[in-house]
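Listed below are the residues making up each chain.
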Amino acid sequence: MNLILALALLAVPASAQKNAETLTIDDVVAIAVKNSPAALAAEQDIIIAKQRVLEARFMALPQFTLSGTLSRASLEYPALLGAELGDRYLDTRVGDNFYSLRVQALQPLYTGGKNTNTLKLAKTANNQAKVNYEAVRADAALAAKKTFYTLLYQRRLKEASDAWLKRAGELSSGLRKDAFEDLEAAMLLSALSDRARQADSGVEAALMGLRKALNREPGSWIDADGRFEPLPVQTDISRSLVTAMEARSELKSELYKAQMDEIAVSMAMVRRNPTIYLGASYDVNAYKFSSLTDDSERSNNWLASLAIHFPLSYDIWTQVRQRKAQQRQGELKRAELQDSIRFEIISAHREAVSWQAEAEKLAAETARMRDGYEAASGSARPSMAALRALCALCELEKKSLDAVYNQLLARIRLEWAQGRDFAK
């Protein structure tokens, strides 16, 4: 299957690659976040949470019921219909048919705080769903940035490898070598050729990774528009730590989880409180269907009730202790998360600063060595020493590109760890 896909890609004309969709890093992040299945699923969680808030509000409203019953009976002893059939008592004097209509209303006056806490819990869950959505978006953006810079890195590495391989081949073909020098030159060219092939494979793999991050078809042509150079980190660790405590979505989610744990404890406590309901109903009963509209042939019943329920349960305090233990678990988890965030920021900041200095040093060293090589090439005849120096210069340039790539990855990890991108 992979071979067929590779042949299909090779069969695409070069003009299609020239017409590839060129995307900047901002474009890549926007498209990746928009098309992320995880982000789309988290967005549906927000919709669900909003509807649960509405359901919690409805609990405080009166509940209305309209029911109708048709009973056909032959009774020798009084019978009582179940709750599903209207909770009606049928006497033996009832004829063959019995018709009944009922309108009922039930209004909770006091539920011990259950409805209030349920609404608070739903609102908190809604806020948590929103921050979870932001966390998923941040993860999608981080993955998109990685694929973008990986493509820039692999493409730049391919350009350098191809250029050095071509130059080494031209230099080797003009040398007069003995048997061992010819063998050494072949080995050096083989190493450069392997690096060029690896760079080609790296570009293809980076393109596939970018397509996957953007949720595009495997054969679509995409190009990255960006400069492959270090991006300095101009903030200190303390500022990044403060930013993370304010903006990190995972930490916000845990704070909402703390509120939910507190509400859960309150809901366990309110099980001790009584509940009060006000109910009213109006019944119309008749032995003939036509009598339902005739006042003289039907019976009308109405009633209003005030009910108070006192809970008597053995597991009230066990539930309270469980919720308090869960609340303590949440506190420990938040402390662990805060420590983890601090470690992530310190580690990413140090890596970004270290690789930035390394990239600048290697870039300057590569430029100086290249100038020296060009000067020596212009004044000395081709030799095996020149070929070995060319291979060493190729290796030095690869180290310089690796340092730039590692610095960019450390920087985007730092942005993710603090929960906010750096100002451009």
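Because the structure is a prediction, the values reported are computed rather than measured. (Residues numbered from 1 in each chain as written. Predicted model: local features only at pLDDT ≥ 70, side-chain atom pairs only at ≥ 80, totals over all residues. Heavy atoms only, no water.)

Participant: So, the overall build of the protein: which residues are in play, and what are the values?
Facilitator: From N to C terminus, the protein includes ten helices and eight strands. Scaling as 2.2 N^0.38, a compact globule of 424 residues should have a C-alpha radius of gyration of about 22 Å, whereas the protein reaches 38 Å, well beyond that. In terms of principal-axis extent, the alpha carbons of the protein reach across some 125 × 50 × 35 Å. Counting only residues that meet the buried cut, the protein has 36% of its 424 residues in that class. Counting contacts in the protein only where the partners sit at least 6 residues apart, residues at least 24 apart contribute 83% of the total. With an accessible surface of roughly 25,600 Å², the protein has 56% of that area assigned to carbon and sulfur atoms. Between the mean site of the 56 positive side-chain charges and the mean site of the 53 negative ones, the protein shows a separation of 3 Å. (Helix = DSSP H or I, 4+ residues; strand = E, 2+ residues; numbered from the N terminus. Rg over C-alpha atoms; globule rule 2.2 N^0.38 Å. Buried < 20%, exposed > 50% of the residue type's maximum accessible area, 1.4 Å probe, protein only. Contact = heavy atoms within 4.5 Å. Areas by Shrake-Rupley, 256 points an atom, 1.4 Å probe, with all protein chains shown as cover. Lys, Arg positive; Asp, Glu negative; His and termini not counted. Charge placed at Lys NZ, Arg CZ, Asp CG, Glu CD.)

Participant: Describe in detail the pattern of salt bridges, supporting the description with residues and values.
Facilitator: Where charged atoms from two side chains of opposite charge approach closely, those side chains can pair. If you walk through the whole model with that rule in mind, you get 25 salt bridges. Salt-bridge contacts for D421 lead to K145; the nearest nitrogen and oxygen are separated by 3.0 Å. With D421 in the segment after α10 (384–418) and K145 in helix α5 (residues 114–173), the pair connects residues that are 276 residues apart, well separated along the chain. Given a relative accessible area of 48%, D421 falls into the partly exposed group. The exposure class of K145 is buried, given its relative accessible area of 8%. A single network of salt bridges, built from pairs that share partners, joins K145, R411, E415 and D421. (Salt bridge = Lys/Arg side-chain N within 4 Å of Asp/Glu carboxyl O.)

Participant: Give me the nonpolar core: which residues, what numbers.
Facilitator: Looking at soluble globular proteins, one finds that nonpolar side chains tend to be buried together. Counting 50 residues, the largest nonpolar core has V28, F148, Y149, L151, L214, F228 and L390 as its most contacted members. For this core, the secondary structure elements donating two or more residues are α3 (25–35), α5, α6 (179–214), β6 (222–224), α9 (316–379) and α10. Looking at this core element by element, the count peaks at 15 residues for α10. Every residue in contact with Y149, bar those within four places of it in the chain, is listed here: I25, F228, L231, Y405, L408 and I412. Within the second largest apolar cluster, 13 residues are counted, among which are L241, I341, A410 and L414. (Core = buried A, V, L, I, M, F, W, Y, C linked by side-chain atoms within 4.5 Å.)

Participant: Let's hear about the sheet that holds strand β2 (residues 63–72): which residues, and what values?
Facilitator: In space, the four strands of this open sheet follow the order β2-β5-β7-β8, with antiparallel pairing throughout. Here the strands that pair on one side only, and so sit at the sheet edges, are β2 and β8 (299–309). If you compare each strand with its neighbour and ignore which way they point, the axes differ by 15° on average. Strand direction decides the pairing type here: β2 and strand β5 (residues 97–110), joined by ten bridges, are antiparallel. Directly across from R72, in β5, lies its bridge partner N97. (Pairing = 2+ DSSP bridges. Axes fitted to C-alpha atoms, helices over the stretch in contact; angles between N-to-C directions.)

Participant: How would you sum up the confidence of the model for the protein? Please name residues and give values.
Facilitator: Averaged over all residues, the pLDDT of the protein is 85; the fraction at 70 or higher stands at 93%. Within the protein, helix α1 (residues 2–11) has the poorest average pLDDT of any element, 43, and helix α4 (residues 37–58) the best, 94. In this model residues 1–17 is a low-confidence stretch, pLDDT under 50, and it forms five contacts with partners more than four residues away in sequence or in other chains. (pLDDT = per-residue confidence, 0-100.)

Participant: Pulling in residues and values, what's your account of the packing of aromatic side chains?
Facilitator: According to the stated counting rule, one finds three aromatic pairs in the structure shown. With a centroid separation of 6.0 Å and an interplanar angle of 40°, the aromatic rings of Y153 and F228 are classed as tilted. Of the two residues, Y153 is situated in helix α5 and F228 in the loop between β6 and α7 (237–247); the sequence distance between them amounts to 75 residues. Chaining the aromatic ring pairs together yields one cluster made of Y153, F228 and Y405. Geometry around W221 places R211 over its ring, the cationic atom sitting 5.8 Å from the centre. Sitting above the plane of the W416 ring, R248 keeps its charged end 4.3 Å from the centroid. (Phe/Tyr/Trp six-rings, centres within 6.5 Å; stacked < 30°, edge-to-face > 60°. Lys NZ or Arg CZ within 6 Å of the ring centre and 35° of its normal.)

Participant: Explain unusual backbone geometry to me, and be specific about the residues and the numbers.
Facilitator: With phi around 60°, N215 is a residue other than glycine that occupies positive phi space. Position of N215 relative to the elements: it lies in the loop between α6 and β6.

Participant: Tell me about the side chain of S240, and name the residues and values.
Facilitator: Checked against the element boundaries, S240 lands in helix α7. At 3.1 Å, the side chain of S240 and the side chain of Q418 are in polar contact. Leaving out residues up to four positions away in the same chain, S240 has contacts with T235, I345, L414 and Q418. (Polar contact = N/O pair within 3.5 Å; in protein donor to acceptor, adjacent residues only side chain to side chain.)

Participant: Lay out α6 with the relevant residues and their values.
Facilitator: Taking 1.5 Å as the rise per residue, α6 with 36 residues should run 52 Å; its terminal C-alpha atoms sit 53 Å apart, in good agreement. Taken together, the buried positions of α6 are occupied by A185, L192, R195, A196, A199, G202, V203, A206, L207, L210, R211 and L214. Looking at the buried positions of α6, the neighbouring elements they touch are β1 (21–23), α3, α5, β6 and α10. With its phi angle positive at about 60°, N215 sits one or two positions after the end of α6. (Expected span 1.5 Å × (residues − 1).)

Participant: Which residues make up the pairing of β5, and what values do they have?
Facilitator: Bridge count for β5 against strand β7 (residues 275–286) is eleven bridges, and the pairing is antiparallel. In the sheet register, A105 faces β7, and the bridge partner there is A280.

Participant: A description of the packing of α3 against α5 should follow, citing residues and the corresponding values.
Facilitator: Relative orientation of the contacting elements α3 and α5 amounts to 140°, with a least axis distance of 8 Å. Compared by their axis directions, α3 and α5 come out oblique. Considering how the two elements wind past one another, α3 and α5 form a crossing that is right-handed. Packed against α3, whose contacting residues are I25, V28, V29, A32 and V33, the element α5 presents R137, A140, A141, A144, K145, F148 and Y149 at the interface. Classifying every residue of the contact of α3 with α5 by side-chain character gives ten nonpolar, no polar and two charged. (Parallel < 35°, antiparallel > 145°, perpendicular 65-115°, else oblique. Left-handed = near helix turned anticlockwise from the far one by under 90°. Nonpolar A, V, L, I, M, F, W, Y, C, P; charged D, E, K, R; others polar.)

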